[in-house]
2 protein chains.
Amino acid sequence: MTSRVLESLVIPNSTKIVLLVLDGLGDLPNPEHGGRTPLEAARTPNFDALAPAAALGRVLPVAPGVTPGSGPGHLALFGYDPVETVVGRGVLEALGAGMELRPGDVAARANFCTLGADGIVSDRRAGRIPSETCARLVAKLQQAAMRFEDVEVILKPGKGHRFVAVLRGPGLGGEVTDADPHHEGAAIPPAHARVAGDAHDKTARVVNALVQRAAEVLNGEHPANAVLVRGLSARPHFPGYRERFQLRAAAIAAYPMYRGVAQLAGMDLFAPAGESAADAVALAKQHWGEYDFFFLHVKGTDMAGEDGNFDAKVAVIESVDGSLPQLLALRPDVLAVTGDHSTPVPMKAHSWHPVPALVHARTCFADGFERFHEKNCRGGSLSGLASCDLMAVLLANAGRIHKYGA
Amino acid sequence: MTSRVLESLVIPNSTKIVLLVLDGLGDLPNPEHGGRTPLEAARTPNFDALAPAAALGRVLPVAPGVTPGSGPGHLALFGYDPVETVVGRGVLEALGAGMELRPGDVAARANFCTLGADGIVSDRRAGRIPSETCARLVAKLQQAAMRFEDVEVILKPGKGHRFVAVLRGPGLGGEVTDADPHHEGAAIPPAHARVAGDAHDKTARVVNALVQRAAEVLNGEHPANAVLVRGLSARPHFPGYRERFQLRAAAIAAYPMYRGVAQLAGMDLFAPAGESAADAVALAKQHWGEYDFFFLHVKGTDMAGEDGNFDAKVAVIESVDGSLPQLLALRPDVLAVTGDHSTPVPMKAHSWHPVPALVHARTCFADGFERFHEKNCRGGSLSGLASCDLMAVLLANAGRIHKYGA
């Protein structure tokens, strides 16, 4: 609703917006570090210089108590309702593996398993074969399963027993059940359409043919002599940044998952030379004239949080702070710094906690806080904002939203 | 929407959650008490010890400016949208009177009135007869109105002229208009179905038969010679705590109304020996091993607020504070302390003001405030939360919500 009203009010402008996402930025006050969060503990002279003139807040990615995955977390920051905008597991896996997804493609998560002579799955993970074995077996399977009917099959090995399958061809549907018993001691159930429709039936036929072919090709291999396929989903199609916001958008991210989600939003994709914020900023500088909107992704904060490494998270934040002068030198009209979700060091995992956000712009409402961190954000003028409404605030500050009504 | 997403993410755990509700807890800064609220003025060493490690906030029961009754206030705290989850007046009245309500039952508020020889209601409250008279007349009416068609009628006297009627039998509906002119100088209108349906027609017939029988039985009584029936409603059915949240839930409340609303949410009901928090905590201790979730209700704060008695409200809060050590000794993984609504002393009534809330858990985001009261809650990390989203936060802190998306 909000989104439809907003989009009807979008007007063009020559302003530039930067959305700098520190993955998993949000954290908890840490008793082992004087009750400070990593963002609070970090030495951040450049953020400190920026903070007083910025609007701060804590933004909510999905809903109270709900811990977002990377997909929903980023979709929200890109201005898509993360509950209504569904991206299937297979699609996210394919994007995370850096596979291209075209409109009409169906993607799936897949893995090797061990099948007994009786047709019963004895190990769903095929003894967790090493990634090298997986790569060899995927290559072997790919040779034997290039195409079923008029559908191209594209496989890509992952970690351990995992791989990804993309099906490309006319008239495929994504509403198909798993060819996976989800527990040992049962046969592999054939995939079938979850809802009526030729497109879904066709996908199910191809999946079942692939599973069948795999059992033939892998006959004699041990322990990986069969495959399971799950999370089938069609590449979703929703209106992108140009259509919704009249923005030429660039995504600069070292990891394929984030480029992938940005691709769904219609952004052009760029992989920086390294994982640091400085690498991302350098690439933004290179393409500064070509785009109106830049999504810059930094993964290190999330990785440090997942590792439970407070000092590492602080170090990543300080390194981002160090790259801020180069970014500001580009003179973006609007700069937002936030995360797709929290990954608190004490939890070593994504969490449901709202995420600190900073918006710097001439008209942002300068909250006057001395520093940018979770505690100040509680009382900031953006507090309580849904993450998927942040884009509206950025567009407004960029002079790209017309008045509503007379 | 949010609720459906949340419920799809619920996972089991062995953690325990306590929701301690101080009825009508919220209040206003009181000029006669140095601008302090009762929660602020109370001596609460145990809350003070807890506060710095807790997340604080003000939660909104229904909507801005909307003053909740006890029903919606508690439904919201139990995680039900209080606007979508409708519980009729008759049902609430029956629950408040401690009457059992089975699925299919229809309940109504009723009262004695004075009917003239011309069939016109001359006093809708029958001169506010004393409760003793009411009890005698209800007993007399009950004798004469045990059953109409195949429907059992169960009456229970209330205060003054008021009583409650429960109809129990096959095929009853709750969408029935009042047998009550709502003003003097008019006849008693017959009840009729508000929407088409045999079930509603049947209820209307029974109500009209009851009103008719009452006029016969009470003929000769004065001033209470007839009855009015209103607020007809069927016991609602909605999914309970086990179904929604995989929680075995216990409600410990001295007053039947609160046990009744908890029963609608599928909780098992316990009546403590007395009205104090210590009584409730003692009972929780007794059943600690059997349940995952404990709702503890303390009524005194609301009563003191309704009485406009600042000191009494302070005393109840201090007494709750005194019981906190026994509660914490049970080692709940998540403890929430809040109210179902505000009952400010200066207003002597329920009000629309958001309600202070405290959530204590390992992962709650320790706000670091020195004390738990309305003013600190404004700037807490839970501020702005809808009361019906509080359950999501409790479940998340209890490790009972799976990640959303990949």
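Keep in mind that this is a model prediction, so the values were computed, not measured.

About the thresholds
Residues numbered from 1 in each chain as written. Chains lettered and ligands numbered in written order. Predicted model: local features only at pLDDT ≥ 70, side-chain atom pairs only at ≥ 80, totals over all residues. Heavy atoms only, no water. Contact = heavy atoms within 4.5 Å. Buried area = accessible area lost by both parts, 1.4 Å probe. Salt bridge = Lys/Arg side-chain N within 4 Å of Asp/Glu carboxyl O. Polar contact = N/O pair within 3.5 Å; in protein donor to acceptor, adjacent residues only side chain to side chain. Buried < 20%, exposed > 50% of the residue type's maximum accessible area, 1.4 Å probe, protein only. Helix = DSSP H or I, 4+ residues; strand = E, 2+ residues; numbered from the N terminus. Arc of directions from axis to C-beta. Least-squares fit on C-alpha atoms with pLDDT ≥ 70 in both. Pairing = 2+ DSSP bridges. Axes fitted to C-alpha atoms, helices over the stretch in contact; angles between N-to-C directions. pLDDT = per-residue confidence, 0-100.

(A) Fine view of the interface of chain B and chain A. Contact residues are listed per partner, giving 26 residues for chain B and 28 residues for chain A. Between chain B and chain A, the buried area comes to about 2,000 Å², and carbon and sulfur atoms account for 67% of it. The largest contributions to the chain B side of the interface with chain A come from Phe 365, Tyr 404 and Ala 406 of chain B, which together make up 38% of the buried area. At the junction of chain B with chain A, the criterion picks out 1 salt bridge. Linking chain B to chain A there are 6 residue pairs in polar contact (both at pLDDT 80 or more).

(B) Structural detail: helix H10 (residues 277–286) of chain A. All names here are of chain A. Looking only at H10, the buried set comprises Ala 277, Ala 280, Val 281, Leu 283 and Ala 284. Around the axis of H10, the buried residues are gathered within 160° of arc, so they sit on the same side. Opposite its buried face, H10 presents the exposed residues Lys 285 and Gln 286, each directed more than 90 degrees away. Buried residues along H10 sit against strand S9 (249–253), strand S10 (268–270), strand S11 (293–298) and helix H12 (310–329).

(C) Representation of the relation of the copies chain B and chain A in the model. You can overlay chain B on chain A at an RMSD of 0.3 Å; the transform is a turn of 124° with a shift of 0.5 Å along its axis. In the structure described here, the two chain copies are related by an operation that fits a three-fold rotation axis. Looking at the rotation axis and the C-alpha trace of chain B, the residue lying nearest is Gly 379 of chain B, at 3.2 Å.

(D) Here's a closer look at the sheet that holds S11 of chain A. Residues and elements named next belong to chain A. Taking strand neighbours across the sheet as the criterion, the 7 strands line up as S2-S13-S12-S1-S11-S9-S10 in an open arrangement whose pairing is mixed. Of all the strands in the sheet, just strand S2 (55–59) and S10 have a single pairing partner and so form its edges. Between one strand and the next, the sheet's axes are offset by a mean angle of 15°, whatever the strand orientation. Pairing analysis gives 5 bridges linking strand S1 (residues 17–22) to strand S12 (residues 334–338), with the strands arranged parallel. Across the sheet, residue Leu 19 finds its bridge partner in S12, namely Ala 336. In the packing of helix H9 (residues 256–264) onto the sheet, contacts are made with S9, S10 and S11, and the angle to S10 comes to roughly 165°.

(E) Quick look at the environment of Arg 89 of chain B. All names here are of chain B. The topology assignment puts Arg 89 in helix H5 (residues 89–96). As a C-alpha pair, Arg 89 and Asp 105 span 16 residues in sequence and 13 Å in three-dimensional space. Aside from chain neighbours lying at most four places away, what touches Arg 89 is Arg 109, Gly 231 and Ser 233.

(F) Expanded view of the confidence of the model for chain A. Confidence in the prediction of chain A, expressed as mean pLDDT, is 96, and 100% of residues score 70 or more. Across the predicted assembly, pTM comes out at 0.90 and ipTM at 0.89.

(G) Spotlight on the pairing of strand S3 (residues 106–115) of chain A. Residues and elements named next belong to chain A. Of all 10 residues in S3, 9 are buried; the element is thus mostly enclosed. Bridge count for S3 against strand S7 (residues 162–168) is 6 bridges, and the pairing is antiparallel. By the bridge assignment for S7, Ala 110 is matched with Phe 163. Sheet topology note: the S3/strand S8 (residues 226–234) ladder contains 7 bridges and is antiparallel. When the sheet's bridge partners are listed, Cys 113 is paired in S8 with Ala 226.

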